[in-house]
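Here is how the chains run, residue by residue.
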Amino acid sequence: MIASGNDKLRQKVLQDSNYLQNSRNAGGGAVGCIAGGITLLVFAVLVGGLFALIGIMGGALIFGGLFGIPGLLLFLIGKRGKKRKAAEYLAYYQKETGYGEEELHQIEKELKEEDTIVVGFKPAGGSYAFPIVECILTRNYFVKPLMLGGCYVRRYEDMIAAAYSERIPGVGGYRSGLVFGSRQDDDLYSDDRMSKKDFAEFIGLIAERCPQLIMHEMFLLDGKKYDLLKDWKEIARQVRG
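Residues numbered from 1 in each chain as written. Predicted model: local features only at pLDDT ≥ 70, side-chain atom pairs only at ≥ 80, totals over all residues. Heavy atoms only, no water.

1. Section: the packing of helix H5 (residues 89–97) against helix H6 (residues 101–111)
As a packed pair, H5 and H6 sit with axes 10 Å apart at the nearest point and diverge in direction by 100°. The angle between the axes of H5 and H6 places the two elements in the roughly perpendicular class. Packed against H5, whose contacting residues are Tyr89, Leu90, Tyr93, Gln94 and Thr97, the element H6 presents Glu101, Leu104 and His105 at the interface. Taken together, the residues of the contact of H5 with H6 break down into four nonpolar, three polar and one charged. (Axes fitted to C-alpha atoms, helices over the stretch in contact; angles between N-to-C directions. Helix = DSSP H or I, 4+ residues; strand = E, 2+ residues; numbered from the N terminus. Parallel < 35°, antiparallel > 145°, perpendicular 65-115°, else oblique. Contact = heavy atoms within 4.5 Å. Nonpolar A, V, L, I, M, F, W, Y, C, P; charged D, E, K, R; others polar.)

2. A word on the pairing of strand E7 (residues 173–182)
Examined bridge by bridge, strand E6 (residues 159–170) and E7 share nine bridges and lie antiparallel to one another. In the sheet register, tyrosine 164 faces E7, and the bridge partner there is leucine 178. Hairpin connection from E6 to E7: two residues lie between these consecutive antiparallel strands, with glycine 172 at a positive phi of about 80°. Pairing of E7 with strand E8 (residues 189–191) involves three bridges; the strand directions are antiparallel. Bridge pairing in E8 links phenylalanine 180 to tyrosine 189. Where E7 folds back on E8, the antiparallel hairpin that results is connected by six residues. (Pairing = 2+ DSSP bridges.)

In structure tokens:
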């Protein structure tokens, strides 16, 4: 689905005061540590409480400590990691994009503008109050949240390709979905979360903003046939000049 104007999905996403920073904190090892720590702390309370109820205080202390101490340590490590990532998010995006701090702040401003478009989807069989955000298109930038935290952020002029493929390498065979890349990328990125029809609409939206975009996995360039998946490094090298 496409969300713009006063759509609830768009309002929910863009009311975020600092989308790039919060997306950076949305995944990764720090979040895993916090979740694991909370799980162990819950076990400590449940198991320790059970022993306490039946009057075996020694068991309550042993199992409470067995789960509680590592749980607390994991939780604290995760919280510290999230705090560090939040403080260093600009340095992360500068390294990933090659853009300066001033430009990154400009991206944050554009994310809140009225003409920003949010593309989202609901996975088949899932129950979600709001669709998952696939990407955000501002006046000048392509912003795509990544599953492990952070965002893929590129100027439209830096984008090279966005195409649908049924030959994306995956565990146990091939996947179908989107492959995309820019001048900064040594390797192609991929996404298999939406349907072919949705990806076609998605690619069309990007192409409206990127006249130079390669939209097919097989294409001719200067009379030579190229395959995005096999020849990406050469394609990117030629575009960079």
